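Chains, contacts and geometry: an overview
For reference, the chains in residue letters:
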Amino acid sequence: MKRTSARLADGREIIYFDEAEDRPEPPADPRGLPPREAAPEARFDPLLREWVVMAAHRQGRTHLPPSDDCPLCPSTPDRPTEVPAPAYDVVAFENRFPSLASRDGAGLEGVGELEPSRRPAAGRCEVLCFSSDHRASFTDLPPERVRTIVDAWADRTAALSALPGVEQVFCFENRGAEIGVTLHHPHGQIYAYPFTAPRTERMLASALEYRERTGGDLLADNLAAERRAGLRVVSESAHWTAFVPAAARWPVEVHLYPRRRAGSLPELTGAERDDFAPFYLDLLGRLDRLFGAPLPYVAAWHQAPVRAEPGLAYLHLEVFSVRRAPGKLKYLAGSESGMGVFVSDVLPETTARRLREAAP
């Protein structure tokens, strides 16, 4: 794989991951972009003890443009885009409308809160384009391209983890307007948070409590229990297991774990990366066959924070959807939105059985 780093017209970094070593060097960005002015801030909620990011500038971000005006397609002589090259395999670049951006703390005086709680939402947000084909979806990609994407995820995780102030790197993909996608081009995003995400903190706290109480490894033991029971296992390969968790919150929810413990994407071996590609593509195919239509979903990688205690985090991918039946969506209603208590409409065992039956 050929890796090429360059700069866009406003100074943002762009990185090309090309499968062919002889790909020409990308051209310069010809656009006259204004200077970057993103100034997101983080405010601490003292009741839940969580950081909330305020990014008001994102109100003006691109929203569902027509296909002939997509900013993620390759550039043409008469229409420059976010990707100056005329063709690409996989490309990552800093988001033009980031939720996180490095800046100093000037102007962040208190606004009447209980205690000073404002700070710059420092960090970085990147867009990762999976293909130059606007009409493609992740499930349409060949295994070789998925392997390139895994390498790109690992590359960006390592690079962003090394930035000052970054505490956790989160790679994810959204597909479908029902999920909230604002650009249909096949792509995902990568967030480099200046704090550890609340869900990760809670998971690691559970793992620590379990280790102190039993001497065991919570996530590894949970994976082993699911494999022994087999009720909710969807599929297995030489290096990966996919199962529906026993307490699934979403009507469609599948977790993918490597058999060997790894804390983060860069720790995956070449064999594990090779095996993931066809394994994940098979799962995406099953998900689309579940209701006879492309399934809207979020695919979220959970990996160790930068300074996590060793042996607690276990890399895994969680894929979930708001669709509960053909033409029906799962809305986060009163219990879910108001109290954070999920009420599931579908038994996890039923979802697992239907996904097993959806094999090609």
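For the structure itself, look to the data block above.
In this text the structure is predicted, and so the values were computed from the model without any measurement. Residue numbering note: each chain is counted from 1, following its sequence as written. In keeping with the model being predicted, local features are shown solely for residues with a pLDDT of at least 70 and side-chain atom pairs are shown and tallied solely at 80 or more, while totals for entire chains, interfaces and linings include all residues. Think of the side-chain values as coming from all heavy atoms in the structure, minus any hydrogens and water.

Moving on, we get to the overall build of the chain. Put simply, DSSP H or I for four residues or longer makes a helix, DSSP E for two residues or longer makes a strand, and each gets a number counted from the N terminus. Along the chain, the regular secondary structure elements total 6 helices and 16 strands. For a compact globule the rule gives 2.2 Å times the number of residues to the power 0.38, and the radius of gyration it is set against comes from C-alpha atoms. Taken against the 2.2 N^0.38 rule, which gives 21 Å for 360 residues, the C-alpha radius of gyration of the chain at 21 Å falls within 12% of a compact globule. On the principal axes, the C-alpha backbone points of the chain span a range of 60 × 55 × 40 Å. Remark: exposure states derive from per-residue accessible area (1.4 Å probe, protein chains only) relative to the maximum for the residue type, with buried under 20%, exposed over 50%, and partly exposed in between. Here the chain holds 360 residues, and 50% of them are scored as buried. Sequence separation of at least 24 residues holds for 66% of the intrachain contacts in the chain that already meet a minimum separation of 6. Any pair of residues with heavy atoms lying within 4.5 Å of one another is described as a contacting pair.

For the rest of this paragraph, the subject is the environment of Leu317. If you trace the backbone, Leu317 turns up in strand β14 (residues 316-321). Here Leu317 falls in the buried class, since its relative accessible area comes to 1%. Remark: the alpha-carbon pair of Leu317 and Ala242, spanning 75 residues in sequence, is separated by 9.2 Å.

The subject of this paragraph is the sheet that holds strand β6 (residues 118-120). Two strands qualify as a pair provided DSSP detects at least 2 bridges between them. Spatially, the 3 strands line up as an open sheet ordered β4-β3-β6, and their pairing is antiparallel. The open sheet has two edge strands, β4 (50-54) and β6, and neither has a second partner. Within this sheet the neighbouring strands show an average axis-to-axis angle of 30 degrees, counted without direction. Alignment of strand β3 (residues 41-45) against β6, held across 3 bridges, turns out to be antiparallel. Opposite Arg43, over in β6, you have Arg118 as the bridge partner. For helices, the fitted axis covers only the stretch in contact; all axes are lines through C-alpha atoms, and the angles between them, taken along N-to-C directions, range from 0 to 180 degrees.

Take the side chain of Arg273 next. Topologically, Arg273 is positioned in helix α4 (residues 270-290). If near-sequence neighbours (up to four positions away) are discounted, Arg273 is found in contact with Arg147, Val150, Asp151, Ala154, Leu265, Pro266 and Leu268.

To continue, consider empty space enclosed by the protein. Grid points spaced at 1 Å and placed over the protein atoms alone form the basis of the search, with a cavity being a set where a 1.4 Å probe fits but cannot get out and a pocket an open set showing protein on both sides within 12 Å along at least five of seven lines. Lining residues have an atom within 4 Å of a point. Grid points are joined across faces, edges and corners, and a volume is the space filled by probe spheres set on the points. Counted under the stated rule, the structure contains 2 cavities of 30 Å³ or more. Here the largest cavity is characterised by a volume of approximately 70 Å³. Thr200, Met203, Leu204, His302, Gln303, Ala304, Ala313 and Tyr314 are the residues that line the largest cavity. A total of 3 residues in the lining of the largest cavity trace back to one element, the largest contributor, which is helix α2 (residues 198-214). Three categories are distinguished: nonpolar for Ala, Val, Leu, Ile, Met, Phe, Trp, Tyr, Cys and Pro, charged for Asp, Glu, Lys and Arg, and polar for the others, with Gly belonging to the last. Classifying every residue of the lining of the largest cavity gives 5 nonpolar, 3 polar and no charged. Of the volumes computed, that of the second largest cavity is approximately 40 Å³.

By salt bridge we mean one thing: a side-chain nitrogen of Lys or Arg within 4 Å of a carboxyl oxygen of Asp or Glu. Under the counting rule described, the total for this entry stands at 40 salt bridges. When the shortest N-O distance is used, the salt bridge between Arg135 and Asp133 registers 3.6 Å. Taken together, the shared-partner salt bridges in this structure form one network comprising Arg3, Arg7, Glu13, Arg36, Glu94, Arg124, Glu126, Asp155 and Arg156.

Turning next to the layout of surface pockets. Of the volumes computed, that of the second largest pocket is approximately 440 Å³. Forming the walls of the second largest pocket are 21 residues, and the residues nearest its centre are Arg36, Glu37, Ala38, Arg96 and Pro98.

Residues that lie three or four places apart on an α-helix share one face, since the helix turns once every 3.6 residues. Buried residues of helix α6 (residues 348-357): Pro348, Thr351, Ala352 and Leu355, and no others. The arc that holds the buried residues of α6, viewed along the axis, is 100 degrees, so those residues lie on one side. Where α6 is buried, its residues meet β10 (233-236), β12 (252-258) and α4. The directions considered for the arc are those from the helix axis to the C-beta atoms.

Here we come to the sheet that holds strand β1 (residues 2-7). Picture the strands of a sheet paired through backbone hydrogen bonds; they go either parallel or antiparallel. Ordered by their spatial adjacency, 11 strands build an open sheet running β1-β2-β5-β7-β9-β8-β13-β14-β12-β11-β10, and the pairing between neighbours is antiparallel. Of all the strands in the sheet, the pair left with one neighbour each is β1 and β10. Going across the sheet, the axis of each strand differs from the next one's by a mean of 20 degrees, ignoring polarity. When β1 meets strand β2 (residues 13-18), the two strands line up antiparallel, connected through 6 bridges. By the bridge assignment for β2, Ala6 is matched with Ile14.

Packing of α4 against α6 leaves a shortest axis separation of 9 Å and a crossing angle of 105 degrees. With respect to each other, α4 and α6 are oriented roughly perpendicular. Packed against α4, whose contacting residues are Arg286, Leu287 and Leu290, the element α6 presents Arg354, Leu355 and Arg356 at the interface. Split into classes, the residues belonging to the contact of α4 with α6 amount to 3 nonpolar, no polar and 3 charged. The labels follow the angle: roughly parallel below 35 degrees, roughly antiparallel above 145, roughly perpendicular from 65 to 115, and oblique for the rest.

Time to look at the nonpolar core. One finds Phe138, Trp153, Leu256, Phe276, Tyr280, Leu287 and Trp301 to be the most contacted residues of the largest nonpolar core, which totals 50 residues. If sequence neighbours within four positions are ignored, Phe276 has contacts with Val146, Val150, Trp153, Trp240, Leu256, Trp301 and Leu317. Buried residues of nine kinds, namely Ala, Val, Leu, Ile, Met, Phe, Trp, Tyr and Cys, make up a nonpolar core once their side-chain atoms join them within 4.5 Å. Formed by 15 residues, the second largest nonpolar core is a distinct cluster that contains Phe195, Val298, Ala300 and Val322.

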